[in-house]
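Architecture and fold: a report
Take a look at the letters that make up each chain.
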Amino acid sequence: MVQMTLETGKKLAKINKNIYGHFSEHLGRCIYEGIWVGSESTIPNTDGIRNDVVEALKKIQIPVLRWPGGCFADTYHWRDGVGPYDQRPAMINTHWGGVVENNHFGTHEFFRLCELIGAEPYICGNLGSGTVQEMQEWVEYMTFDGESPMANMRKENGRAEPWKLTYFGVGNENWGCGGNMRPEYYADEYRRYATYVRNYGENQIYKVAGGASVDDYHWTEVMMREAANQMDGLSLHYYTRVSKDDWSIKGSATNFTEDEWFSVMKSALFMEELVVKHSRIMDKYDPDKKVALIVDEWGTWFDVEPDTNPGFLYQQNTLRDALVAGIHFNLFNNHCDRVQMANLAQTINVLQAVILTEGEKMILTPTYHVFDMFKVHQDAELLPLHVDCGEYRFNDEAIPQISASASINEEGKVHISICNLDPKESAEISCLIRDGHYTKVSGLILTDSEMNAHNTFDNPDNIKPELYKEAVLENGKLHTLLPPKSVVVLSLE
Ligand code: AHR
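I will try to describe carefully the structure that is included in this document. These numbers were taken from a predicted model, which means no experiment stands behind them. (Residues numbered from 1 in each chain as written. Predicted model: local features only at pLDDT ≥ 70, side-chain atom pairs only at ≥ 80, totals over all residues. Heavy atoms only, no water.)

Concerning the overall build of the chain
Scanning the chain from terminus to terminus reveals 9 helices and 27 strands. The C-alpha atoms of the chain give 22 Å as radius of gyration, which agrees with the globular expectation for 493 residues (23 Å, within 12%). Expressed as lengths along the three principal axes of its C-alpha atoms, the size of the chain is roughly 65 × 50 × 45 Å. Contacts in the chain between residues far apart in sequence, at least 24 positions, make up 76% of those at least 6 positions apart. Entry remark: accessible area of the chain is about 19100 Å², with carbon and sulfur atoms responsible for 46%. Side-chain charges in the chain split into 44 positive and 71 negative, and the spacing between the mean points of these groups amounts to 4 Å. (Helix = DSSP H or I, 4+ residues; strand = E, 2+ residues; numbered from the N terminus. Rg over C-alpha atoms; globule rule 2.2 N^0.38 Å. Contact = heavy atoms within 4.5 Å. Areas by Shrake-Rupley, 256 points an atom, 1.4 Å probe, with all protein chains shown as cover. Lys, Arg positive; Asp, Glu negative; His and termini not counted. Charge placed at Lys NZ, Arg CZ, Asp CG, Glu CD.)

Listed below in structure tokens is the structure:
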């Protein structure tokens with residue numbers, strides 16, 4: 001029996017809606033085909049951006065979208081992506097598949113996308129192969145109102161008003177594809193570049209420094225020691241794979257046994273240790289939590305789908321990915337005092353995508369449905385939820401069977417999200433609800449009899465959320481029997 005206690009009268013901290021953010025890179029078919037088809041396309045579009053994708057993304061209320069990379073960001077020269085299409089130079093996307101990038105999707109198109117889906121833009125600048133001047137001028141191009149060389153260029157390119165730009169990343173993975181730097185060197189470079197990322201007029205930029213890979217705590221230590229007072233956020237990247245220690249063992253996205261199910265659950269839970277340990281270092285230099293932990297790349301990374309370009313990172317998405325998403329959201333919610341943003345890698349056709357496309361066809365993945373179910377936590381207040389759960393054991397190892405978090409929104413509605421990580425055993429849950437008077441419970445569930453249940457272009461609705469009517473609320477106690485391998489979100493009124 002899983003015993004939980006929920007304290008509805010004690011608000012811990014606001015769950016920043018940006019925890020439900022996304023990341024879209026010029027990688028494979030994420031931008032081209034997935035988002036951008038061009039205005040001449042027969043696929044219905046608005047200014048070149050797919051209408052079906054816009055509608056789907058609007059529904060899950062993406063708060064913030066990171067672009068143009070990733071590793072691509074530190075090879076990207078923004079001037080190539082503005083002005084008339086026939087004058088934009090083509091380049092080779094050296095990092096991802098060696099394909100030709102025609103630069104038709106650039107700054108104006110990205111802001112248009114954000115406007116259409118209602119997301120805030122989060123731009124990642126090029127520190128690895130770009131200059132300080134180039135970065136400074138990009139910010140000026142986007143945000144300066146009035147007469148200036150860059151603002152005038154923007155106007156000539158059809159945009160009179162500056163855009164509002166809040167989030168700006170000063171480089172990406174600068175320990176690797178962003179320049180192979182040591183943290184001591186990057187910290188100085190960060191300080192230099194960040195100096196020229198200026199606030200023009202009313203526009204206030206929230207600067208995100210490139211953070212650690214996985215458990216590189218030394219990176220976080222050095223960045224916090226040397227540059228904390230010049231940043232608003234420090235990033236962290238970690239991908240869930242079958243083997244968290246060996247990059248050569250990623251595993252198949254769809255063809256797996258319980259062995260790999262268990263490893264993936266365990267690997268996803270490792271994110272909690274990372275958040276706790278990086279936060280501890282941050283606490284030392286920043287006890288008031290002024291600098292946020294920005295997990296701007298997370299998600300599953302499996303072998304690419306057979307017969308697809310290995311440089312495109314296209315993978316299917318199953319119920320297992322849905323559980324991974326649920327685990328991440330619960331732990332980000334529970335650490336929302338420090339985690340202020342997270343960005344799924346990546347929105348469409350790449351890694352743990354929420355949408356897959358094939359020509360004019362589009363499907364929603366199980367991960368999409370988890371974003372939809374969990375959106376109720378966006379900007380709500382985190383509540384203390386004490387969970388005393390059993391273990392999910394496999395062979396000689398054990399992990400907690402349950403992952404959960406709870407919040408209360410402005411209208412006083414309480415939401416509890418619970419994942420049952422065990423693919424074979426149900427979880428009997430008894431939750432004491434303290435302090436509030438709630439009489440109605442409703443919910444949604446995402447589950448299936450198969451661990452690898454997924455949607456295909458021939459069967460797009462194979463797995464989708466259903467109404468969950470198995471929860472009973474009586475005398476201040478919630479009781480339910482959660483099916484194996486399920487994600488549930490309950491609403492209490
Ligand atoms: O998301 C794919 C890649 O993973 C990104 O480009 C890079 O930042 C990370 O290594």
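Once the structure has been displayed, the description carries forward.
A word on the state of the cysteines
Under the criterion given, the structure shown has 1 disulfide. One disulfide in the model links cysteine 71 with cysteine 177; its S-S distance is 2.2 Å. Between cysteine 71 and cysteine 177, the S-S torsion sits near -85°, and that sign places the bridge as left-handed. With cysteine 71 in the loop between strand S5 (64–67) and strand S6 (91–93) and cysteine 177 in the loop between strand S9 (167–170) and helix H5 (183–195), the pair connects residues that are 106 residues apart, well separated along the chain. Here cysteine 71 falls in the buried class, since its relative accessible area comes to 9%. Of all cysteine sulfurs, the one in cysteine 177 lies closest to cysteine 124, which takes part in no disulfide; the gap is 9.3 Å. We note that cysteine 336 lacks a disulfide partner, and the nearest cysteine sulfur, in cysteine 419, lies 17 Å from it. A residue is classified by how much of its surface remains accessible, and cysteine 336, at 2% relative accessible area, is buried. (Disulfide = S-S within 2.5 Å. Buried < 20%, exposed > 50% of the residue type's maximum accessible area, 1.4 Å probe, protein only.)

Examining the site of the ligand
Around the ligand sit 13 residues, and of these Glu25, Cys71, Glu173, Tyr239 and Glu297 come closest. A distance of 2.7 Å is found between an oxygen atom of the ligand and a side-chain nitrogen or oxygen belonging to glutamate 25. Measuring from an oxygen atom of the ligand, one finds a side-chain N or O atom of glutamine 346 at 3.0 Å. The protein chains hide 94% of the 290 Å² of surface that the ligand would expose on its own. Structurally, the ligand is housed in the largest pocket. Of the residues assigned to the shell around the ligand, the class counts are 7 nonpolar, 3 polar and 3 charged. (Near = heavy atom within 4 Å. Polar contact = N/O pair within 3.5 Å; in protein donor to acceptor, adjacent residues only side chain to side chain. 1 Å grid on protein atoms, 1.4 Å probe; cavity = no way out; pocket = protein on both sides within 12 Å on 5 of 7 lines; lining within 4 Å. Sits in = over half its atoms within 2 Å of the grid points. Nonpolar A, V, L, I, M, F, W, Y, C, P; charged D, E, K, R; others polar.)

Here's the deal with the nonpolar core
In terms of nonpolar packing, the biggest core is built from 126 residues, with Phe168, Met223, Met271, Trp298 and Phe332 touching the most fellow members. Examining the composition of this core, we find that 10 residues originate from one element, helix H7 (residues 258–285), more than from any other. Ignoring any residue separated from it by four or fewer positions in sequence, one finds phenylalanine 332 in contact with Ile19, Met271, Val275, Val295, Trp298, Val339 and Ala342. By size, the runner-up hydrophobic cluster in this structure holds 26 residues, among which are Met4, Ile429, Cys431 and Leu482. (Core = buried A, V, L, I, M, F, W, Y, C linked by side-chain atoms within 4.5 Å.)

A short note on unusual backbone geometry
Cis geometry is adopted by the peptide bond preceding proline 68, which originates at tryptophan 67 and carries an omega value of 5°. Here the residue pair alanine 345 and glutamine 346 is connected by a cis peptide bond, since its omega of -5° sits within 30 degrees of zero. For glutamine 346, the location among the structural elements is in the loop between strand S13 (339–345) and strand S14 (355–358). In this structure, aspartate 307 takes a positive phi of about 65° despite not being glycine. Checked against the element boundaries, aspartate 307 lands in the loop between strand S12 (292–300) and helix H8 (319–334). For aspartate 307, a relative accessible area of 84% puts it in the exposed group.

Considering the side chain of asparagine 203
With respect to the element layout, asparagine 203 can be found in the loop between H5 and strand S10 (206–213). Among the polar contacts listed, one links the side chain of asparagine 203 to the backbone oxygen of leucine 165, at a separation of 2.8 Å. In contact with asparagine 203, other than residues within four places in its own chain, are Thr143, Trp163, Lys164 and Leu165.

Quick word on the pairing of strand S20 (residues 402–408)
Within S20, 7 of the 7 residues are buried, which leaves it mostly tucked inside the rest of the structure. Side chains of S20 alternate between two faces, with Ile402, Ala404, Ala406 and Ile408 and Ser403, Ser405 and Ser407 buried alike. Examined bridge by bridge, strand S16 (residues 381–382) and S20 share 2 bridges and lie antiparallel to one another. Each bridged residue has a counterpart across the sheet, and for leucine 382 the counterpart in S20 is serine 407. Relative to strand S21 (residues 414–420), S20 runs antiparallel, the two being bridged by 7 bridges. Looking at the pairing, isoleucine 408 lines up with valine 414 of S21. Between S20 and S21, which follow one another and run antiparallel, lie 5 residues, and glycine 412 among them has a positive phi close to 85°. (Pairing = 2+ DSSP bridges.)

A few points about the layout of surface pockets
Left-over empty space is what a probe sized like a water molecule reveals as it rolls over the atoms. Its boundaries defined by the atoms lining it, the largest pocket holds a volume of some 390 Å³. Lining the largest pocket we find 24 residues, and of these Glu173, Trp175, Tyr239, Trp247 and Trp301 sit closest to its centre. Top contributing element to the lining of the largest pocket by residue count: strand S11 (residues 233–240), with 3 residues. Residue composition of the lining of the largest pocket, by class: 12 nonpolar, 6 polar and 6 charged. Empty space within the second largest pocket amounts to approximately 310 Å³. (Points joined across faces, edges and corners; volume = space filled by probe spheres on them.)

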